[in-house]
Structures are given as structure tokens and as C-alpha cells.
Amino acid sequence: MGRIPPAFAGEETPSGFSTLLARQGFILLDGGLATELERRGHDLNDPLWSAKVLIEDPGAIMAAHLAYLEAGADCVTTATYQATFQGLAARGIGGARAEEILLGAVELAVRARNRFRNSRPKADGRPGPLVAAGIGPYGAFLADGSEYRGDYGIGAADLAGFHRRRLHLLAESPADVLACETLPSLEEARVLAALAGETVARPAWYSFSCRDDGHLRDGTPIAEVAGWAEDTPGVSAVGVNCTEAEFVPALIGALGAGTRKPVIVYPNAGGDWDAEVKRWGRAEEVPDWGDACRSWIAAGAVGVGGCCRVGPEDIRRMRAALPHRVRKV
């Protein structure tokens, strides 16, 4: 078992995330929301990606959250990764209606969580689950694959202008934690952390997409990310996601060597993203998710899960492979 921080780093008072971590010793995240939506027959070849379903069939979003909770996830992430004010405006949706959609995504996850809690035997001993508000990178809005390159061609001020309103809104929502994820560059993480400091205190994790076992998509060394996380107030946890699983053990080691903050990892199932058809290519090898998540925790991660092309059955395998004991606090 990896290091267990006494609390979710940077908090003055414990959050649901830190309480769950203290009780259980790890947190099992969900898998790819879009993956489950596509499995259920939804066509996501659209600039809004899963946010398209958020508008057209919100019940499907709730059903996908429930599928992950029933598979064993301790935390589900809202369908707001690609739901931005700018993206919604391009679809002719603005003002109060855009805010309603974003907050509605949080409500759907909260309702799924509450329904799951009410249907679960109280004697099963599982704490949680939690709701994370997903905040994707600027490249997700561009919908051209640049979140896997980081070559935006804009500066920090423009990035702040893009992210501010959504981040502030989600920070003030009922979500337990902010999930700033699939970040291809450290510059974007710096911008998001500064914006988080402008609003209500809310635990936030920062998760990066990596091109190999030592660098972010834009070439920044992962060791530099670890140093930034250690030195930056408000960074509650740091990790990697939408990265090939084979790179994860080395990335955990590099992060753990440079920061005492909790490390979280939720890789994809491999293959390359085709931005034209909004589809993943075939992976050469898919990991054994049960063995893999055990090895990530042994390497020092405390949050594990999956990203694109990791579905509820994969999360179920992770749950079965992890310890069932709940710590007493």
C-alpha cells in the first residue's frame, strides 16, 4: 500500500475526499464517462463531446454515473469536461441557460450518488461516494486534439479568461472536489490554480496527460510538475490521466519523489486519439486492470481509476483487486 496522507493536502478542515482516504486507504475513481455513453449507443462525434448528451439526454448521464458507482467507484466525475461557456455559446446557448446546464451536470452526479447510497446495504461498510466537478483543458474546447499536444498558441491571460467563469461556478457548486484534468502543460495548471484561489476554498486535483514516462504532452518534465505541486497552495493532489498505462509506474515514482501531495492516476486504455472522427485507435495491449491498479498503489498512488476506453467492468475488476478493509477513524 502506498503512502497515506493524513488529510487531503492543503486543507484546513478535512473534506469528504480526505475522510474517505483516511478510512479506506485509497480512492477508486470512475472510468471514462464518454466510453460508457458510447457503449450505450450515443454518437459523440461533436465539438461538445459528452456535453452533447448532457443537453440532449441528461438521464443517460445519470445512468452512466450509476453504472460506475455500482461497479465500485468511490468518486464520479461530472459531464463538464467539455461543457464550457464558449462551447455552449457556439451552440447558441448562453447566459443563465449555460449556467443551468453546468450546474445541472453536478446535480445529475449528486442525484446518482444519493440514489446509490439509498439502494446500498448500510452494512457494506463502504464510505463515500464523492462527486468531482470535471474541468477539461482549453484544448478540449478546440476539439482538434490539441489537449494531447498543448500547442494552443495563446498566453496565460487568455487561458484565464477562458477558464475563469466555469471554474468559479463549479467551485461554488455542491461538488466535493474539482478535477482539473488532462492538462497538457504546466502553464495551464498554474492558471487554473490561480483562478481557484479567487473563489471559495475547494479541494482540487490537477491531473496531467503525458507523452511518455517522464514528460507532459508539451515536453515539460514530470519532476517540474511535482515541484510545482509541492510549492503551490490549493493543489490538493496531483497526478496523471489519459496517459498510456505502461508509463504510469514511472510517473508515480517521479511525482512521489518531488511532492508529499497525494498522487492520483487514471490512465486510458492505450491507442491514439483521432480528432477528426472523435475516436480512439486500437491499443496494442490492454492492461490487466486489477493487477495494474494494485501496482499503482504499491508504487505510491492513493487515487486510481481509468479514463478513455476504461468502462464499468474495468472499474469492477479494480474494485475486486483492491483491499476490502475499511480503516477506523
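Residues numbered from 1 in each chain as written. Predicted model: local features only at pLDDT ≥ 70, side-chain atom pairs only at ≥ 80, totals over all residues. Heavy atoms only, no water.

**A closer look at the overall build of the protein chain**
Here's step 1: From N to C terminus, the protein chain includes 13 helices and ten strands.
Here's step 2: In the protein chain, which comprises 329 residues, the share counted as buried stands at 60%.
Here's step 3: Element-wise, carbon and sulfur atoms account for 48% of the exposed surface of the protein chain, whose accessible area totals about 13000 Å². (Helix = DSSP H or I, 4+ residues; strand = E, 2+ residues; numbered from the N terminus. Buried < 20%, exposed > 50% of the residue type's maximum accessible area, 1.4 Å probe, protein only. Areas by Shrake-Rupley, 256 points an atom, 1.4 Å probe, with all protein chains shown as cover.)

**Section: the sheet that holds strand β2 (residues 75-77)**
Here's step 1: The eight strands are arranged β1-β10-β7-β6-β5-β4-β3-β2 in an open sheet whose pairing can be described as parallel. The open sheet is flanked by β1 (27-28) and β2, the only strands paired with a single partner.
Here's step 2: Of the strands in this sheet, β7 (263-268) and β10 (303-304) are in contact with helix α12 (residues 289-299), which crosses β7 at around 155°. (Pairing = 2+ DSSP bridges. Contact = heavy atoms within 4.5 Å. Axes fitted to C-alpha atoms, helices over the stretch in contact; angles between N-to-C directions.)

**Examining the pattern of salt bridges**
Here's step 1: Applying the stated criterion across every chain yields a total of 15 salt bridges.
Here's step 2: A salt bridge links Arg91 to Asp46; its shortest N-O distance comes to 2.6 Å. Of this pair, Arg91 sits in the loop between α5 (85-90) and α6 (95-119) while Asp46 sits in the loop between α2 (33-39) and α3 (50-56), and the two are 45 residues apart along the sequence.
Here's step 3: Judged by its relative accessible area of 12%, Asp46 falls in the buried class.
Here's step 4: Across the pair Asp151 and Arg149 runs a salt bridge whose closest N-O atoms are separated by 3.0 Å.
Here's step 5: Taken together, the salt bridges that share partners define one network made up of Glu36, Arg39 and Arg40. (Salt bridge = Lys/Arg side-chain N within 4 Å of Asp/Glu carboxyl O.)

**Some words on the pairing of β7**
Here's step 1: Burial of β7 is extensive: six of the six residues sit out of reach of the surface.
Here's step 2: Residues Val263, Val265 and Pro267 of β7 are buried on one face, and the alternating residues Ile264, Tyr266 and Asn268, pointing to the opposite face, are buried as well.
Here's step 3: As defined by bridge partners, strand β6 (residues 237-244) adjoins β7 across five bridges and the pair is classed as parallel. By the bridge assignment for β7, Val240 is matched with Val265.

**Focus: the environment of Val191**
Here's step 1: Relative to the helices and strands, Val191 is located in helix α9 (residues 186-196).
Here's step 2: Take Val191: its relative accessible area is 8%, and that puts it in the buried class.
Here's step 3: For the pair formed by Val191 and Ala156, sequence separation is 35 residues and the distance between their alpha carbons is 6.4 Å.
Here's step 4: Once you skip the residues sitting within four places of it in the chain, Val191 turns out to touch Ala156, Leu159 and Ala160.

**Some thoughts on the packing of α6 against helix α8 (residues 156-171)**
Here's step 1: The geometry of α6 relative to α8 is characterised by a closest axis approach of 10 Å and an angle of 50° between their N-to-C directions. What the angle tells us is that α6 and α8 run oblique. For the pair α6 and α8, the sense of crossing is right-handed. Contacts between α6 and α8 involve Gly95, Glu99, Leu102, Leu103 and Val106 from the former and Arg165, Arg166, Leu169 and Leu170 from the latter.
Here's step 2: For the contact of α6 with α8, the residue count by class is five nonpolar, one polar and three charged. (Parallel < 35°, antiparallel > 145°, perpendicular 65-115°, else oblique. Left-handed = near helix turned anticlockwise from the far one by under 90°. Nonpolar A, V, L, I, M, F, W, Y, C, P; charged D, E, K, R; others polar.)

**Considering the nonpolar core**
Here's step 1: Counting residues in hydrophobic clusters, the biggest one holds 114 residues, and the most contacted among them are Trp205, Tyr206, Phe208, Trp228, Val265, Trp296 and Val304.
Here's step 2: No other element matches α6, which puts ten residues into this core.
Here's step 3: Once you skip the residues sitting within four places of it in the chain, Trp296 turns out to touch Ala245, Val248, Pro249, Ile252, Val265, Pro267, Trp289, Ala301, Val304, Gly305 and Met318. (Core = buried A, V, L, I, M, F, W, Y, C linked by side-chain atoms within 4.5 Å.)

**Some thoughts on α8**
Here's step 1: Within α8, the axis deviates most sharply at His163, by approximately 40°.
Here's step 2: Turning to α8, its buried residues are Leu159, Ala160, Phe162, His163, Arg166, Leu167, His168, Leu169, Leu170 and Ala171.
Here's step 3: Contacts made by the buried residues of α8 are with α5, α6, β3 (130-135), α7 (138-142), β4 (177-183) and α9. (Bend = angle between axes of the 7 residues up to and from the residue.)

**A look at the side chain of Ser185**
Here's step 1: Along the chain, the position of Ser185 falls in the loop between β4 and α9.
Here's step 2: Take Ser185: its relative accessible area is 5%, and that puts it in the buried class.
Here's step 3: Reaching out from Ser185, the side chain makes a polar contact with the backbone nitrogen of Glu188 at a distance of 3.3 Å.
Here's step 4: Here Ser185 is in contact with Phe208, Leu216 and Asp218, once residues within four sequence places are set aside. (Polar contact = N/O pair within 3.5 Å; in protein donor to acceptor, adjacent residues only side chain to side chain.)

**A short note on the environment of Leu29**
Here's step 1: Locating Leu29 in the fold gives a position in the loop between β1 and α2.
Here's step 2: For the pair formed by Leu29 and Leu130, sequence separation is 101 residues and the distance between their alpha carbons is 9.3 Å.
Here's step 3: Each residue touching Leu29, except ones within four places of it in the same chain, is listed here: Ala73, Cys75, Trp205, Tyr266, Val304, Gly305 and Ile315.

**Comments concerning the pairing of β4**
Here's step 1: Counting buried positions over the seven residues of β4 gives seven, a clear majority of the element.
Here's step 2: Summarising the sheet, β3 and β4 pair through four bridges and their orientation is parallel. Of the residues in β4, the one forming a bridge with Gly134 is Ala179.
Here's step 3: With four bridges connecting them, β4 and strand β5 (residues 204-208) associate as parallel partners. The partner of Leu183 across the bridge, within β5, is Phe208.

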